[in-house]
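A look at the structure
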Amino acid sequence: KIAKPLLILALIVLPISFCNAKITCSALISDNMVLQRNATVKFWGSGNVGDKISVFTEWNNTKTATVCGNDGKWNVSLQTTDAGGPYKVAVSSKSEIITFRNILFGEVWLCSGQSNMEMPLKGFQGQPVKNGNEIIVRSTNTNIRLITVPRATVIEPKDDFEGKWEVASPKSTANFSATAWYFGSLLQEVLDVPIGLIHVSYGGSSMEAWMNQEMLKDFASAKIPTTKEELTKDANRVPTTLFNGMLSPVIGYRIKGCIWYQGESNYERASEYTALMKKMVSSWRVLWKQGDFPFYYAQIAPFNYAQFHPKDNLEKYNSAYLREAQLKASAAIPNSGMAVLMDVGEENNIHPMDKEKGGNRLAFQALAKTYGIEGFEFESPKYKSMEIKDGSVTVSFDNVENGITAYDKEVTGFELAGEDKIFYPAKTVVRRKSVVLTSDKVIKPVAIRYLFKDFAKAELFSGGGLPISSFRTDEW
């Protein structure tokens, strides 16, 4: 369906080799790459100062020329067309030609975060991904292309990395992000166009590590390293290190949007997370120069973080505060959306084995909000309001066009508090689009909480099976 007759390019089939310094291209410019369809895309690399660089594009039989600057770097802008391919591109100087083959036009997404984004389809050692092996076996798809930026923590921005685009197959998908794979494969199935996934994540990383010094200037808690000696064994949590080592080399490659799965390493500092996230996203958008590109992210799943603090477990370490900060970010960041994962958490495993729900729910956001597909649920219900009357509280929600359900199970996760600020378990009656809460111990309710705990299992869902996030109405 997408193949087109290939032109016979004398420029491509007659490579030249001389002794001069070679042209280099970004690792993102390789065989099998996906370029964003119907867009202006950027090719870049380096060569000899003053050398003329020509880029010949097969799809429009056009040559675009530029000159290497005083820093030896070059870049050109090219225009792509509708989804299709495969195509060839030839990058040449007076002394050599580099040919790139099997290029497709489609949808390109950046996939970033920490270990739950990094976790591959084959799983971590002793920590499998649910149904991962079966998915790997069936993963051959010439219309999905993958590239992973290797781990790197440095104090100065890097220009490039070691890597290349690969066609989806069991060999390449086994080591690729499971969350990103589920996201991209559902997009490919529904949109029926090529999908390119750029995977840039590092387990255990903090959000501050994915931000540069300028982004962090208003956050006093972020200590910017200036020497290599300041990079400890946990350098992936040191501010700026991953922005410099992993994100910097991909900035400028045309993307449709970004998916993000991070927050576990920030749970102890939840109070700053919403502001950090808002700043990071807005700054990434400025650097990409693509306006407010879509940014969809996974809310961290419930987990017993208290086990990390056997002697000093403070209330602020309750990961519900981090989930709350992520929930607030969805309203603070334009063109964003959050996938709720209250139903996949495992009490003693910070890496939930069910990666399909997260990847699919991120895809639901993109398919509905970015690609305009209608007819399905894509956002979890959200707390809207509460009405207090005669000692009972009626709680209403947004995003409940098809109602809410507990799947005929008892709901025990709501709590009520009066003016004494002491919370007690509430008796819950589930209605079609609301719940009614009461407690014999709270005669005059003033606040409610739902699953506002470190670890809890989802109890309420939309009619389409999307869980409601933990939340609270107080600010105690």
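Look a little higher up for the structure.
Below is a short write-up of the structure.

Reading the values: the criteria
Residues numbered from 1 in each chain as written. Predicted model: local features only at pLDDT ≥ 70, side-chain atom pairs only at ≥ 80, totals over all residues. Heavy atoms only, no water. Pairing = 2+ DSSP bridges. Helix = DSSP H or I, 4+ residues; strand = E, 2+ residues; numbered from the N terminus. Axes fitted to C-alpha atoms, helices over the stretch in contact; angles between N-to-C directions. Parallel < 35°, antiparallel > 145°, perpendicular 65-115°, else oblique. Left-handed = near helix turned anticlockwise from the far one by under 90°. Contact = heavy atoms within 4.5 Å. Nonpolar A, V, L, I, M, F, W, Y, C, P; charged D, E, K, R; others polar. Disulfide = S-S within 2.5 Å. Polar contact = N/O pair within 3.5 Å; in protein donor to acceptor, adjacent residues only side chain to side chain. Salt bridge = Lys/Arg side-chain N within 4 Å of Asp/Glu carboxyl O. Buried < 20%, exposed > 50% of the residue type's maximum accessible area, 1.4 Å probe, protein only. Expected span 1.5 Å × (residues − 1). Phe/Tyr/Trp six-rings, centres within 6.5 Å; stacked < 30°, edge-to-face > 60°. Lys NZ or Arg CZ within 6 Å of the ring centre and 35° of its normal.

A word on the sheet that holds strand E6 (residues 73-79)
Sheet architecture is open: three strands sit in the order E1-E3-E6, paired in antiparallel fashion. Both outer strands of the open sheet, strand E1 (24-25) and E6, are each paired with one neighbouring strand and no more. Bridge count for strand E3 (residues 40-46) against E6 is seven bridges, and the pairing is antiparallel. Pairing of Trp-44 across the sheet is with Asn-75, part of E6.

With respect to the packing of helix H7 (residues 270-288) against helix H8 (residues 320-332)
Each pair of packed helices gets described by two things: the angle between the helix axes and the distance between those axes. Interhelical geometry of H7 versus H8 gives an angle of 30 degrees and a closest axis separation of 8 Å. Taken together, the axis directions place H7 and H8 in an arrangement best described as roughly parallel. Taken as a pair, H7 and H8 cross one another with a handedness that is right-handed. For the pair formed by H7 and H8, the contact residues are Ala-270, Tyr-273, Thr-274, Met-277 and Lys-278 on the first element and Tyr-321, Leu-322, Ala-325, Gln-326, Lys-328, Ala-329 and Ala-332 on the second. A breakdown of the residues in the contact of H7 with H8 according to their chemical character gives eight nonpolar, two polar and two charged.

Examining the state of the cysteines
All chains considered together, the criterion is met by zero disulfides. Cys-68 provides the cysteine sulfur closest to Cys-25, a residue in no disulfide bond, and the two sulfurs are 10 Å apart.

Regarding the sheet that holds strand E18 (residues 414-417)
Spatially, four strands are ordered E19-E18-E22-E24 in an open sheet, and the strand pairing comes out antiparallel. A strand with exactly one partner marks an edge of an open sheet, and here the two such strands are strand E19 (423-425) and strand E24 (471-472). Here strand E22 (residues 447-450) runs beside E24; their pairing, made up of two bridges, is antiparallel. The partner of Arg-449 across the bridge, within E24, is Arg-472.

Some details on the environment of Tyr-383
Structurally, the position occupied by Tyr-383 is in strand E15 (residues 382-389). Apart from the residues within four sequence positions on either side, Tyr-383 is in contact with Val-395, Ser-396, Phe-397, Ile-448, Phe-471 and Thr-473. Within the local environment of Tyr-383, its side chain forms a polar contact with the backbone nitrogen of Met-386, the two atoms lying 3.3 Å apart.

Some details on the pattern of salt bridges
Opposite charge on two side chains permits them to pair, given that their charged atoms come into close proximity. Under the defined criterion, the tally for this structure stands at 13 salt bridges. Note that Lys-217 is salt-bridged to Glu-214, the shortest N-O span being 2.9 Å. Linking Arg-472 and Asp-474 is a salt bridge whose minimum nitrogen-to-oxygen distance equals 3.5 Å. Each member of the pair Arg-472 and Asp-474 is classed as buried.

A short note on H8
The end-to-end C-alpha distance of H8, which contains 13 residues, comes to 18 Å, matching closely the 18 Å that a straight helix rising 1.5 Å per residue would cover. Those residues of H8 lying buried are Ala-320, Tyr-321, Leu-322, Arg-323, Glu-324, Ala-325, Gln-326, Ala-329 and Ser-330. Of the surrounding secondary structure, the elements contacted by the buried residues of H8 are H7, strand E13 (295-298), strand E14 (336-339), E15, E22 and E24.

Comments concerning the environment of Lys-433
Position of Lys-433 among the secondary structure elements: in the loop between strand E20 (427-430) and strand E21 (434-438). Here Lys-433 falls in the partly exposed class, since its relative accessible area comes to 43%. As for Lys-433 and Asp-398, which are separated by 35 residues in sequence, their C-alpha atoms are 8.9 Å apart. Those residues in contact with Lys-433 that lie beyond four places of it in its chain are Ser-396, Phe-397, Val-400, Glu-401, Gly-403 and Ile-404.

Side note on unusual backbone geometry
Here the residue pair Gly-85 and Pro-86 is connected by a cis peptide bond, since its omega of 0 degrees sits within 30 degrees of zero. With a phi close to 55 degrees, Asn-335 is a non-glycine residue in the positive phi region. Mapped onto the elements of the fold, Asn-335 is located in the loop between H8 and E14. Classification of Asn-335 as partly exposed rests on a relative accessible area of 35%. Even without a glycine there, the phi angle at Tyr-407 is positive, about 55 degrees.

Overview of the packing of aromatic side chains
Considering all chains together, one arrives at 30 aromatic pairs under this definition. Consider the rings of Trp-288 and Phe-293, whose centres lie 6.1 Å apart with planes at 75 degrees: the pair is edge-to-face. Of the two residues, Trp-288 and Phe-293, both sit in the buried class. Among the aromatic residues, ring-to-ring pairing joins Trp-210, Trp-260, Trp-284, Trp-288, Phe-293, Phe-295 and Tyr-297 into one connected group. Here the guanidinium or amino end of Lys-42 rests over the ring plane of Trp-44, the centre of that ring lying 5.0 Å away. For Arg-285, the ring lying beneath its charged end belongs to Phe-293, and the centroid distance is 5.7 Å.

Points about helix H9 (residues 356-370)
The terminal C-alpha atoms of H9, which comprises 15 residues, lie 20 Å apart, in line with the 21 Å expected from a rise of 1.5 Å per residue. Taken as a whole, H9 has its buried residues at Gly-358, Gly-359, Asn-360, Arg-361, Leu-362, Ala-363, Gln-365, Ala-366, Leu-367 and Ala-368. In this fold, the buried residues of H9 make contact with strand E8 (97-113), helix H5 (178-191), strand E12 (257-261), E13 and E14. Positive phi shows up at Gly-372, right after H9, with a value of about 70 degrees.

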